[in-house]
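# Descriptive structure summary
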Amino acid sequence: MFRSRRPSRRARIWGIYILILYTTPLSCLANFSQAKELIYKIKEGLPKGTFIGAIGVDLNLDFTVEPPFLFSLTQKKVSEQYVNINNTTGELYTSSAEIDRETLCPYSSEEQGCFLSMDVFVLPQQYFQLVKVKLLIEDLNDNRPKFPTDEIRMFVPENTPVNARFAVELSAVDPDLGIYGVQTYWLVNDFGVFTLDVEENDGGELTPFLIVTDFLDRETQDEYVTDIIAEDGGTPPQLGAATLKIAITDVNDNCPKFTESQINVTLHGNSSKGAHLAHLHAFDPDLGANAQISYAYSERVPRDTRSLFHLDKITGRIKLARKIDSFTSTFYKLTVLASGPGCIPAAATVTVYVIKVVAGPPTVMPRYIAPEKDGVVTLKESEPALSPIAFFTIKNMDKSQRLDCYLEGSGPFRLVPYQQLENEYLLETTNTLDYEMTSEYELIVVANNTQGLVIKAFLKVQVLDENDNAPVFQQSLVEISIEENNSPNTFLTQLQASDPDSESRGEVIYILGGDTPGIFVVDRLTGVLTVATSLDREEKEKYRFIVRAVDQGTPRRESVATVVVTVLDRNDNSPRFINKDFTFFVPENFPGYGEIGVLSVTDADTGRNGWVALSIINGSDIFMIDTGRGALRAKTPLDREQQGTYQLWIEAADGGEPALSSVTMVTVLLLDVNDNPPIVLFPQSNQSYMLVLPSTTPGTSIAEVYAVDKDTGMNAVIAYSIIKRKGGEPGSFAIDPETGNITLKRELSNRGLYSLLVKVSDHGQPEPLYSMVMVNFFVNETVSNESYIQSLLTRDIDIEVEEKPWYIGQMTDGPERYELFPCRPVLIALSVACLGFFFLVVILISYICCKRLKKIRKERSEVEVPLKMKNGSTHFLNRKLRQMSNI
């Protein structure tokens, strides 16, 4: 809270000086001395309170003058941010803000320097001076060199000559000046082929240059990775580093070479068009366009020979382009060139020997039933067994020679003679195909005769994939456990299903079943299962749903996995009493360790977190409680007259870590039992007496018996009656049964001592309790002889029985006739009504207790209260109880 304060005398003088300074015309200042300039040199980064200089001392001011000098900074912003001034001495100190030269003068050079300028007023007016103060901020080596990026990439051609230089454009920057700036660069590893040189431009900036010191070969190593270090001139020096990646770019420095330069091929004269002869292969270690190879015949190969043998320019395959003369025996020499960009072509020679056909070896002519292209047959994997693939006809067979035709190669295939036709063979499947097991077969149909001539027909069978496999989960039942109160979007598991089919038929997506709660989310592509919200075990302990794995084939196939998520309990619920507070009514003198009542408590957690132990916070010296069952007992009988109400605080603590607890208040109300007889307070003893004048008229109240009863209710309602007398005639005295007031009924003719035995009785049930007291009257005008009266009181003389009980009314017809108390019918009716009401209350209480007992038993069956625990749990609970009892 800010409070306004009256300005001090010095502050008022200061204000007047400033006012005069700014309001006085400039002409009035003409006699003042010219502004002086002071320069102080400090280093950047000085701590707060560092002394800079004393302006008053440096100006040679006399501090003995009156009024004293006052110093003030005109730029308050500078004062608050960088420096403070002592107003009386003119001493300058650094302020809380640390001076950073690089921030204050980011573009100043070492020659220009970094200055912080300020104006200081010297007051009062008669001493006024304007002092120009400049602080020269000296640089420290407080910054390390830093590259603009953490990774620098350079590209160097592999044919770069030795000593070639490449500028590293992304050089390091150091905001410090002079020797503290970047001084040199070096490589952590030069690999023996690089080095660094540094050049300085006209502006003083250093640029590193990468120099190649040895020959490079991309085919040997295509990239060099090292660290480039920038070092300043501080002591010790500061270093900055970046990763330098040098990529060696390709040049066309290699030419194609054939793997085989001489190939010999034998060709039968009756070979069919398209027969495969040879496959030439050349290799170029360069990359991209530099490695492209094209094949062509040499110009030395005659044109008609080129037309007979087809050469694929890209693959280098040579096939028979048309049928040749079957009866001509000759050979062909084919020169093939492999050309690359800017290279002299490599040459290879293919010699084709054509064997003359006389009777001729068998010729195998295929006729395809299944789809075929370039000798490759395609079959669906759904084709049934014994599906026909192709017919093979053997031609040019010499009937005098025996012919063998058979199939080479593995797989579910067979070559069988077709029905009764000669030289006709059928290729068919022997079993179903499975793309996932084998997707391609290579078969050879072999025919030979007894002369040993052999001819082969090559055949490739490709199996076409179909969507015949459903995705398969690694686990059909995925069980996951997670603690409740998890954070949203918690990872649960990653479901994994595989499909051996190819292409989109094997791509699997994951979909949650329709019964899945909305709180669970699965990534369609990765199968990552998450829960979007926080789970509560007390709300639901187990979730069970299915996840579908669906492929993208036609028709789509799918499989399911069952996910069971079990929410583990955490101790997040405190024990709860079934009532906010409890009240028990117990008759006094209830036997010790008798059950006063049962406190029912529940805990929504499970296991140890749900175990509940009860303890008494206060009153444990009188009461005890069963920690498990919750039965409250008193250690000793209770006396209502000593204390009628007890208030206990009961704590219920669970077995979690840390334990949670709750507290309830229990009120024990003691019901009164008629266990106290009335106590007579007046008269104080049987030996006391009261003086009654003989002239006392009948109807006068002469005494009062006063008694109290510690019990309550009807047990404390007192009735008074005279049961015996001594002296006087019967009916001479009457006592009010309710107040105990004794009234004189007849004149007292005789002087002397009269004694009444008064019975004081309560209305307790089942038997009223009573006390006796002797009421003595001494009839006389005065008490002249005290000792005589005391002797009369001590004589043992029988007292006549007064035949009138306490409830008999006053005498009406004579000294010996009495009538019943007028209120007797009312009292009898009241007693009967009270008795009936008492029985009704007992019946209602019994009914309520029975219902409550059933309710408690039902709750106990629903809520587990650990009554019997294992040894380890018992030790744990005892330890918790000891801790609670120490509180």
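This structure is a prediction, so every number in the text was calculated from the model and none was measured.

Below, the discussion takes up the overall build of the protein. Looking only at helices and strands, the protein features eight helices and 60 strands. Each of the 887 residues in the protein was classed as buried or not, and the buried ones make up 40%. Taking as baseline every contact in the protein between residues at least 6 positions apart, the subset at least 24 positions apart corresponds to 67%. Only carbon and sulfur atoms are counted for the fraction: they give 52% of the accessible area of the protein, which is about 50600 Å².

Take the state of the cysteines next. Enumeration according to the criterion identifies two disulfides in this entry. With a sulfur-sulfur separation of 2.0 Å, cysteine 105 is cross-linked through a disulfide to cysteine 114. Where cysteine 105 bonds to cysteine 114 through sulfur, the torsion about that S-S bond is close to 70 degrees, and the disulfide is right-handed. Each sulfur of the disulfide joining cysteine 255 and cysteine 343 lies 2.3 Å from the other. Between cysteine 255 and cysteine 343 the sulfur-sulfur dihedral comes to about -90 degrees; the bridge is accordingly left-handed. Residue cysteine 255 is located in the loop between strand S14 (239-249) and strand S15 (257-258), and its partner cysteine 343 is located in the loop between strand S22 (330-339) and strand S23 (346-355); the two are separated by 88 residues in the primary sequence. Cysteine 343 sits in the buried class, given a relative accessible area of 14%. Across the protein, the disulfide pattern expressed with sequentially numbered bonded cysteines is 1-2, 3-4.

Here the focus is the sheet that holds strand S1 (residues 36-43). If you walk across this open sheet you meet the four strands as S1-S7-S6-S3, and the pairing is mixed. In this open sheet, the two strands that pair with only one neighbour each are S1 and strand S3 (70-73). Put simply, the sheet's adjacent strands are angled 30 degrees from each other on average, direction ignored. Where strand S6 (residues 115-123) meets strand S7 (residues 129-138), eight bridges bridge the pair, whose relative direction is antiparallel. When the bridges of S7 are listed, leucine 116 appears paired with leucine 135.

This paragraph deals with helix H6 (residues 786-794). By the burial criterion, the buried members of H6 are Ile789, Leu792 and Leu793. In an axial view of H6, the angular spread of the buried residues amounts to 100 degrees, which keeps them on one side of the axis. When the buried face of H6 is taken as reference, the exposed residues oriented beyond 90 degrees from it are Ser787 and Thr794. Of the surrounding elements, those touching the buried residues of H6 are strand S52 (689-692), strand S55 (718-726), strand S58 (752-762) and strand S59 (770-779).

Looking now at the pairing of strand S46 (residues 612-616). Counted residue by residue, S46 has five buried out of five residues, so it is predominantly covered. Of the two faces of S46, both are covered, the one formed by Val612, Leu614 and Ile616 as well as the one formed by Ala613 and Ser615. As paired elements, S46 and strand S49 (residues 645-654) share five bridges and run antiparallel to each other. Paired with leucine 614 across the strands is alanine 652, a residue of S49.

Bringing the sheet that holds strand S19 (residues 294-297) into the picture now. Read across the sheet, four strands follow the order S16-S23-S22-S19 without closing on themselves; strand pairing throughout is mixed. Looking along the sheet, the strands with just one partner apiece sit at the ends: strand S16 (262-268) and S19. Each adjacent strand pair in this sheet contributes to an overall mean axis angle of 25 degrees, direction not counted. Of the strand pairs in this sheet, S16 and S23 are connected by seven bridges, and their pairing is parallel.

On to the pairing of strand S34 (residues 477-483), then. Side chains Val478, Ile480 and Ile482 project from S34 onto a buried face, and the interleaved Leu477, Glu479, Ser481 and Glu483 project onto a face without burial. Here seven bridges tie S34 to strand S41 (residues 558-568), and the two strands are oriented parallel to one another. Residue pairing for S41: glutamate 483 is matched across the bridge by leucine 568.

Quick look at the side chain of aspartate 603 now. With respect to the helices and strands, aspartate 603 occurs in the loop between strand S45 (601-602) and S46. The side chain of aspartate 603 sits in the buried core without any salt bridge; arginine 537 is the nearest counter-charge, 6.8 Å away. At 2.9 Å, the side chain of aspartate 603 forms a polar contact with the backbone nitrogen of aspartate 605.

Quick look at the environment of valine 57 now. Among the structural elements, valine 57 can be located in helix H2 (residues 55-58). Considered as a pair, valine 57 and glycine 90 are 33 residues apart in the sequence and their alpha carbons are 8.1 Å apart.

This paragraph deals with the confidence of the model for the protein. On average, the protein scores 81 in pLDDT, and the residues at 70 or more come to 86%. Counted against residues more than four places away or in other chains, residues 801-822, with its pLDDT under 50, gives 46 contacts.

Turning to the layout of surface pockets, a few remarks are in order. The calculated volume of the second largest pocket comes to roughly 1300 Å³. Counting residues per element, the lining of the second largest pocket draws most heavily on strand S32 (residues 454-464), at eight residues. Counted by class, the lining of the second largest pocket contains 17 nonpolar, 10 polar and eight charged residues.

Under the defined criterion, the tally for this structure stands at 26 salt bridges. A salt bridge links arginine 629 to glutamate 595; its shortest N-O distance comes to 2.5 Å. Taken together, the residues arginine 629 in the loop between strand S47 (623-625) and strand S48 (631-634) and glutamate 595 in strand S44 (residues 595-598) connect sequence positions 34 residues apart. Judged by its relative accessible area of 35%, glutamate 595 falls in the partly exposed class.

Here we come to the packing of aromatic side chains. Across all of its chains, the model carries 21 aromatic pairs by this definition. Cluster of aromatic residues (ring-pair linked, three or more members): Phe63, Phe69, Phe71 and Tyr127. Above the face of the phenylalanine 115 ring, lysine 134 is positioned so that its terminal group lies 5.8 Å from the ring centre. Residue placement shows arginine 165 over the ring face of phenylalanine 209; its charged tip is 5.1 Å from the ring centre.

Let's shift gears to a nonpolar patch on the surface. On the surface, Ile679, Leu681, Phe682, Tyr706 and Val708 cluster together to form a nonpolar patch covering roughly 410 Å² of accessible area. Contributing elements (two or more residues each) for the nonpolar patch: strand S51 (679-682) and strand S54 (706-708). For the nonpolar patch, the leading source of residues is S51, giving three residues. Turning to its location among the elements, phenylalanine 682 is positioned in strand S51.

Here is what the cut-offs are and how they apply
- Residues numbered from 1 in each chain as written.
- Predicted model: local features only at pLDDT ≥ 70, side-chain atom pairs only at ≥ 80, totals over all residues.
- Heavy atoms only, no water.
- Helix = DSSP H or I, 4+ residues; strand = E, 2+ residues; numbered from the N terminus.
- Buried < 20%, exposed > 50% of the residue type's maximum accessible area, 1.4 Å probe, protein only.
- Contact = heavy atoms within 4.5 Å.
- Areas by Shrake-Rupley, 256 points an atom, 1.4 Å probe, with all protein chains shown as cover.
- Disulfide = S-S within 2.5 Å.
- Pairing = 2+ DSSP bridges.
- Axes fitted to C-alpha atoms, helices over the stretch in contact; angles between N-to-C directions.
- Arc of directions from axis to C-beta.
- Lys, Arg positive; Asp, Glu negative; His and termini not counted.
- Salt bridge = Lys/Arg side-chain N within 4 Å of Asp/Glu carboxyl O.
- Polar contact = N/O pair within 3.5 Å; in protein donor to acceptor, adjacent residues only side chain to side chain.
- pLDDT = per-residue confidence, 0-100.
- 1 Å grid on protein atoms, 1.4 Å probe; cavity = no way out; pocket = protein on both sides within 12 Å on 5 of 7 lines; lining within 4 Å.
- Points joined across faces, edges and corners; volume = space filled by probe spheres on them.
- Nonpolar A, V, L, I, M, F, W, Y, C, P; charged D, E, K, R; others polar.
- Phe/Tyr/Trp six-rings, centres within 6.5 Å; stacked < 30°, edge-to-face > 60°.
- Lys NZ or Arg CZ within 6 Å of the ring centre and 35° of its normal.
- Patch = residues over 30% accessible without salt bridge, like charges linked within 9 Å, V, L, I, M, F, W, Y side chains within 5 Å.

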